[in-house]
Amino acid sequence: RARVRALVLELRAPDAAADRRVSLGKVADKQTRGRVHGVIRERLPFLDSSAADHELEVFRGVAGANGNRKRKRGAGGPRGARYTRFALLKRNMDTQETIALIARYVHKPPAAFAFAGTKDKRAVTCQWVTAERVDARALAGLNSRLRGVRLGNFSEAKRALPLGALSGNRFTITLRSLAAPGAADAAA
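What you are looking at is a predicted structure, and each value in this text was computed from that prediction instead of being measured. (Residues numbered from 1 in each chain as written. Predicted model: local features only at pLDDT ≥ 70, side-chain atom pairs only at ≥ 80, totals over all residues. Heavy atoms only, no water.)

### Quick word on the nonpolar core
Grouped together as the largest cluster of nonpolar side chains are 18 residues, with contacts concentrated most on F86, L88, I102, F113, L139 and L151. For this core, the secondary structure elements donating two or more residues are β6 (83–91), α3 (95–105), β7 (113–115), β8 (124–132) and β9 (149–157). The element best represented in this core is α3, accounting for three residues. For L88, the contacting residues outside a window of four places in its chain are T98, I99, I102, T125, C126, Q127, V129, V149, R150 and L151. (Core = buried A, V, L, I, M, F, W, Y, C linked by side-chain atoms within 4.5 Å. Buried < 20%, exposed > 50% of the residue type's maximum accessible area, 1.4 Å probe, protein only. Helix = DSSP H or I, 4+ residues; strand = E, 2+ residues; numbered from the N terminus. Contact = heavy atoms within 4.5 Å.)

### Overview of the pattern of salt bridges
Enumeration according to the criterion identifies two salt bridges in this entry. Residues R82 and E132 are paired through a salt bridge, measuring 2.5 Å at the closest nitrogen-oxygen approach. Pair noted here: R82 is in the loop between β5 (69–70) and β6 and E132 is in strand β8, with a separation of 50 residues, a long-range link. Given a relative accessible area of 23%, E132 falls into the partly exposed group. Across the pair D135 and R137 runs a salt bridge, and its minimum N-O distance is 2.8 Å. (Salt bridge = Lys/Arg side-chain N within 4 Å of Asp/Glu carboxyl O.)

### Some points on the sheet that holds β6
Note on sheets: strands pair through backbone hydrogen bonds, and any given pair is parallel or antiparallel. Read from one edge of the open sheet, four strands run β7-β8-β6-β9, paired in antiparallel fashion. Where the open sheet ends on each side, the last strands, each with one partner, are β7 and β9. Averaged over all neighbouring strand pairs, the angle between strand axes comes to 30°, with direction disregarded. α3 rests against β6, β7, β8 and β9 of the sheet, and its axis sits at about 155° to β7. (Pairing = 2+ DSSP bridges. Axes fitted to C-alpha atoms, helices over the stretch in contact; angles between N-to-C directions.)

Structure, rendered in structure tokens:
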């Protein structure tokens, strides 16, 4: 109870950032997580909660025009742009798999991300991606958490990147551990 009181005071403080999230720790049991979400909805109507990778987080909720709670949505960039455009560099990962991983970390569905096409899984690739209502700082913060993935060159965009919007591809093919024909005979 003391931890909950401290949490409530921290999130209700006038100087608390609007996007402040407080972790309640990992809860592996799905039913327990559901009960925690229910208690927060019933007893702390100004708060909302979410869970990703079993990590429970609590944050300020926002009341709609009718007084009902709704989740606070990311405003996008600093001026409220709808889309954040960024370069995605990935190593030996499928594009869909990478987007799903990023989406999980920023608590958005994979459908909030758009890209012009898929890239090879067994390669180091770089491509543009747009994310709807995802702050660039949240994406940049993932660089220290994701292995084999780097995000950068963030900018605001007015619309999502459409599928097929490719201006071209550039490849560098590297061959390793090759022997020239007859090289084994010449070495003998």
